[in-house]
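Below, each chain spelled out in residue letters.
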Amino acid sequence: MAPFPLETIVGKFGTYLIYVLIGMGFGASLEMVGFGRSTKLTAQFYLRDMTVFKVMFTAVLVAMVLIFGAAGLGFLDFDRIWVPPTYLLPGTLGGLLLGVGFIIGGFCPGTSIASLSTLKKDALFFIFGLLGGIVLFGETSTFYDHFLESTYMGRFTIPDLLGLPVGVTVFLVVIMGVFALWGAEQIEQAMRRKDGDEVTAIDRKVSIGAGVLLVAGLAVMLIGQPTPDQLWQRVAAQKQPLLDQREVQIHPAELRELYYNSQVNLIMLDLRNEADYNLFHIKNAKRVAADDLGALSTELKAAPSGTVVVVMSNDETLATSGWKTLVAEGVPNVYLLEGGLNEYLAVYADPPLTSIPGGDEALRYEFIAALGGNHPASSLHEHADDIAFTPKVKIEQKAQSGGGGCG
Amino acid sequence: MTTVSHAKPLAKTKSKEKAASIPRPFVNPYLGGVFLGLVLFLAFFLTGNGLGASGGLNRIIVWVIDLAAPQYADRVSYLIQYAGGDKNALDNWIVLLTAGIFLGGLISGLVGRRVHLETVRGPQITAHQRWVFAVIGGVIAGFGARMAKGCTSGQGLSGGATLSVGSWAFLMAFFVGGYALAYTLRKLWTPAPKSK
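Rules of the game
Residues numbered from 1 in each chain as written. Chains lettered and ligands numbered in written order. Predicted model: local features only at pLDDT ≥ 70, side-chain atom pairs only at ≥ 80, totals over all residues. Heavy atoms only, no water. Core = buried A, V, L, I, M, F, W, Y, C linked by side-chain atoms within 4.5 Å. Buried < 20%, exposed > 50% of the residue type's maximum accessible area, 1.4 Å probe, protein only. Helix = DSSP H or I, 4+ residues; strand = E, 2+ residues; numbered from the N terminus. Contact = heavy atoms within 4.5 Å. Domains from an automatic or database assignment. Buried area = accessible area lost by both parts, 1.4 Å probe. Polar contact = N/O pair within 3.5 Å; in protein donor to acceptor, adjacent residues only side chain to side chain. Phe/Tyr/Trp six-rings, centres within 6.5 Å; stacked < 30°, edge-to-face > 60°. Lys NZ or Arg CZ within 6 Å of the ring centre and 35° of its normal. Pairing = 2+ DSSP bridges. pLDDT = per-residue confidence, 0-100. Salt bridge = Lys/Arg side-chain N within 4 Å of Asp/Glu carboxyl O. Axes fitted to C-alpha atoms, helices over the stretch in contact; angles between N-to-C directions. Parallel < 35°, antiparallel > 145°, perpendicular 65-115°, else oblique. Left-handed = near helix turned anticlockwise from the far one by under 90°. Nonpolar A, V, L, I, M, F, W, Y, C, P; charged D, E, K, R; others polar. Disulfide = S-S within 2.5 Å. Expected span 1.5 Å × (residues − 1).

Could you clarify how one ought to interpret the nonpolar core in this entry?
The nonpolar side chains of soluble globular proteins are, as a tendency, buried together. The biggest cluster of nonpolar side chains holds 101 residues, and the ones touching the most others in it are Met64 and Ile67 of chain A together with Leu51 of chain B. In terms of residue count, the dominant contributor to this core is helix H3 (residues 51-72) of chain A (16 residues). Excluding anything up to four places from it in sequence, Ile67 of chain A contacts Leu76, Phe78 and Ile81 of chain A together with Phe41, Phe44, Ala161 and Thr162 of chain B. Counting residues in hydrophobic clusters, the runner-up holds 49 residues, among them Ala236, Met268, Val331 and Leu336 of chain A.

Could you clarify how one ought to interpret the domain arrangement of chain A in this entry?
Interfaces are often described in size by the accessible area the parts lose on coming together. All names here are of chain A. Here the domain parsing of chain A yields domain 1 (6-223) and domain 2 (228-382). Here the C-alpha centre of domain 2 lies 42 Å away from the C-alpha centre of domain 1. Listed as interface residues are eight residues of domain 1 and, on the opposing side, nine residues of domain 2. Of the roughly 600 Å² buried between domain 1 and domain 2 on both sides combined, carbon and sulfur atoms contribute 46%. When residues of domain 1 are sorted by the area they lose upon contact with domain 2, Asp79, Tyr152 and Arg155 head the list and together hold 51% of the total. Linking domain 1 with domain 2 are zero residue pairs in polar contact (both at pLDDT 80 or more), by the criterion used here.

I'm lost on the packing of aromatic side chains in this one. Help?
Aromatic ring pairs are defined here through the distance separating the ring centres and the angle between the ring planes. A complete count under the given rule lists 24 aromatic pairs over all chains for this structure. Considering the side-chain rings of Phe179 of chain A and Trp182 of chain A, the 5.8 Å spacing of their centres and the 25° angle between planes classify their relative orientation as stacked. In this pair, Phe179 of chain A and Trp182 of chain A are both assigned in helix H9 (residues 166-195), three residues apart and thus about one turn of the helix distant. When its relative accessible area of 58% is taken as the criterion, Phe179 of chain A is described as exposed. Its end group placed over the ring of Tyr183 of chain B, Arg186 of chain B keeps NZ or CZ at 4.0 Å from the ring centre.

Please clarify how the pairing of strand S6 (residues 307-312) of chain A should be interpreted in this entry.
For a regular strand, side chains alternate in direction, first toward one face of the sheet and then toward the other. Residues and elements named next belong to chain A. Most of S6 is tucked away, with six of its six residues classed as buried. Burial along S6 is two-sided: the residues Thr307, Val309 and Val311 and Val308, Val310 and Met312 are all buried. Pairing analysis gives six bridges linking strand S4 (residues 265-270) to S6, with the strands arranged parallel. If you follow Leu269 over to S6, its bridge partner there is Val311.

Is there a simple way to explain the confidence of the model for chain A in this structure?
Caution applies to low-pLDDT regions: their predicted coordinates should not be interpreted in detail. All names here are of chain A. For chain A, per-residue confidence averages 89 on the pLDDT scale, and residues scoring 70 or more make up 97% of the total. When the elements of chain A are averaged for pLDDT, helix H14 (residues 293-301) gives the smallest value, 79, and helix H4 (residues 88-105) the largest, 96. This model gives residues 398-407 a pLDDT under 50, and the stretch forms 36 contacts once residues within four places in sequence are excluded.

What is the right way to read the domain arrangement of chain B from this model?
Residue and element names in this part refer to chain B. Split into domains, chain B comes out as domain 1 (28-116) and domain 2 (120-190). One C-alpha centre belongs to domain 1, the other to domain 2; they are set 18 Å apart. Facing the 11 residues of domain 1 at the interface are 10 residues of domain 2. Roughly 700 Å² of surface becomes buried between domain 1 and domain 2 when both sides are summed, with 66% attributable to carbon and sulfur atoms. Taken together, domain 1 and domain 2 are joined by zero salt bridges. Put simply, domain 1 and domain 2 have two residue pairs in polar contact (both at pLDDT 80 or more) between them. Elements with a minimum of two residues in the side of domain 1 that touches domain 2: helix H2 (29-47) and helix H3 (54-68).

Before we go on, may I ask you to explain the packing of H3 of chain A against H9 of chain A in this structure?
Two numbers describe a pair of packed helices, the interaxial angle and the distance between the axes. Residue and element names in this part refer to chain A. Between H3 and H9, the least distance of the axes is 10 Å, while the angle of their chain directions is 160°. Regarding the angle of H3 to H9, the classification is roughly antiparallel. Relative to H9, the crossing made by H3 is left-handed. Contacts between H3 and H9 involve Thr51, Phe53, Lys54, Phe57, Thr58, Leu61, Met64, Val65 and Phe68 from the first element and Val166, Val170, Val173, Val174, Gly177, Val178, Ala180, Leu181, Ala184, Glu185 and Glu188 from the second. The residue makeup of the contact of H3 with H9, split by class, is 14 nonpolar, three polar and three charged.

Would you take a moment to explain the state of the cysteines for this structure?
Formally, a disulfide is one covalent bond, and it connects the sulfur atom of one cysteine to the sulfur atom of another. Tallied over the full model, the rule gives zero disulfides over all chains. The thiol of Cys108 of chain A is not disulfide-bonded; the next cysteine sulfur, from Cys151 of chain B, is found 6.6 Å away.

Just checking my understanding: could you explain H4 of chain A for this structure?
Because an α-helix packs 3.6 residues into every turn, residues spaced three or four apart end up facing the same way. Residues and elements named next belong to chain A. Given a rise of 1.5 Å per residue, 18 residues ought to cover 26 Å, and the 25 Å separating the end C-alpha atoms of H4 matches this to within 8%. What H4 keeps buried is the set Pro90, Gly91, Gly94, Gly95, Leu98, Gly99, Val100, Gly101, Phe102, Ile103, Ile104 and Gly105. A positive backbone phi angle near 90° is found at Gly106, which sits one or two residues after H4.

Just to check I follow, could you spell out the interface of chain B and chain A for this structure?
Listed by partner, the interface residues are 121 residues for chain B and 130 residues for chain A. Joining chain B to chain A, the criterion identifies five salt bridges. Taken together, the links from chain B to chain A amount to 37 residue pairs in polar contact (both at pLDDT 80 or more). Mapped onto the side of chain B that touches chain A, the elements with two or more residues apiece are H2, H3, helix H5 (77-83), helix H6 (93-111), helix H7 (127-147), helix H8 (152-161), helix H9 (165-182) and helix H10 (186-189) of chain B. A per-class count over the side of chain B that touches chain A returns 68 nonpolar, 44 polar and nine charged.

Spelled out as C-alpha cells, the structure:
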C-alpha cells in the first residue's frame, strides 16, 4: 500500500529522480497558469484576476478527494503520509508574513523559482531576499524559540477539530470550495462590469468539472474510511511480531522507571471496568473503555514528543486488543503492562495480598476496601528500585519539525 | 480542453516570425489546478511527502554557508541539523524537488514562449523600484516561511489537501496578509487611476 518505501524499491538515485520529476510537474503547473509573472500573481489581491485562488483551491480540492478516496479504498495509508503539524500561532503569523511578503515582493517561494526559470529579474531579486530572510530567521530564532514551539497540536486535522467522519468533512470541504470558486468568478465579473469590460459566462466545461468534483466528494463520503479492524489488518504483518516476540510487553519495574524518567511523558490507560478500577488502580492511570480508544487516539497522536502510552488490564488479553487499536490508529510509542495488574500486584504489593481464584482478566487479589489510587501499592514512586527487568521501550521521536514539505 | 485566458487571441494575419515571439496564452486556471492537484496527489501517493519549496531554498543557503564557513555551520544550532560535521545540506529530497520546480518551469516557459529576460512590474513603477520591493518582500516571505515551518506550497497545498488545521489557518492568514496591504500598495501593481 502507498506510500511506498521508495529507496528499497528504486534505490537512492531512483528516489531522487522521482522527486525531480514531481518537482518538474509542480514547476510546470505553476508556470503554465501564469505564476511566473508577478503581476499575474498579485492581481489576485486587486480582484480582477483570481487565478491564484482558483488554481490553489482547485489543486487542494482535487488532491484532497484523491488522497482520502485512495485511503478509503485501502490504496493509501493516510497515517503514513506527512500532514504538516499544527503550530497554530507561529503558523498563522508566518502565513500573515508570507501574505505581506507576497503583495510587496510579488511572489511566494515556489512561484519565484518557477519565475526565475523563465528569466524574470524580479524573481531573482525576490529569491535574494528570501535567502536573506531565511538566514535572518535562523540567526535570530533563539530569541523567540518559545513562541515558535508554542500552540503545538501535532497532527491535527479538520475532521478531528469538527468531530466529523473524514468522508463527511471531505464532502463538506468540496461543497464549500466549489462555492468559493463560484464566488471568485462572481467577484471577477462584478469588477469587470465596474470597469466597463466584457463579461464572459463560466465555461461549460468548468461547470461540468465542478460537478465531477462534487460527485467524487460524495463518493469519498459514501466509501468512508477504514474501520479499526481493517486498519489493524494493514499493519498486522509488521506489528504482530512485536506482540509475539514480546517486545512491547513491559515489566512493572520498567513502568516504574518510565514514571521516573523526566524525559518521558507517561500516559497510563486502564482498560478495566469501573468496579475493578475502583478497587485498585495505579495512581495517575486513566480509565478508558476499550471502545473509546479509537477516539482517544487522535489526542494521543497529538501528544508532545517523548510521550509513552502504556495500556493495562488485569491480565494481557484486554490490554493486547487495546494495544492493537492504538497501534493501528498510528499512535507512536504504545506498550502494554506485562502480566497486567495481577503481575504488578505480585511484584509490588507489600505486604503481599491474599490471592483469590478467577479466570482470565479477573482481578485475582482480594481487596477489603475500594481504595482505587490510594492503595499503598498504587504509587509507583514508593516502590523499591532494585528489581531487574529487560528494558523494551524505545522512544520514537516526533518527526523533526519541517520534516515533510519544507524541511 | 481548450486553453482560455485573458490574453488577446493571436491575430491570424501576423507573420510566422512575429508569432513565434509572442507568448502563448496561459492554461485555464481550473485545468492548471487539476494538473497541480494530480501532481500533489502523486507526491503524497508515491513518497508520502507533499510539495514544498522554501525547504529546498533553505538547504541551498545553508549549503552555501557551510561552504564558506564550515566551522560556523558546526556551531550554530539551526545549521547543525542540516550541515553539521560532514553532512551535506543538499543531500535531501526537498532540494531535488526544488531543482525540479526550476526545470519544470523552464520547460513550460519554453513551450509557452515565455522565457524572456525582463523585469515584470506594475505600470506605475520603474524596474529598479520593483527590484527593491522584490528584495524587501522576499526577506519578509523567507522569514515568514521559516516561522510557519512551510510556505504556500508546503503548508498551503500539502497541508490544505491533507486537511491540516494549522495549514488552513495559515492559508487564511496568507490571504488576509495580502488583502490587508493590497490597497495601500496599489501603486506597485495597478495602472494609474484614470483621470476624471
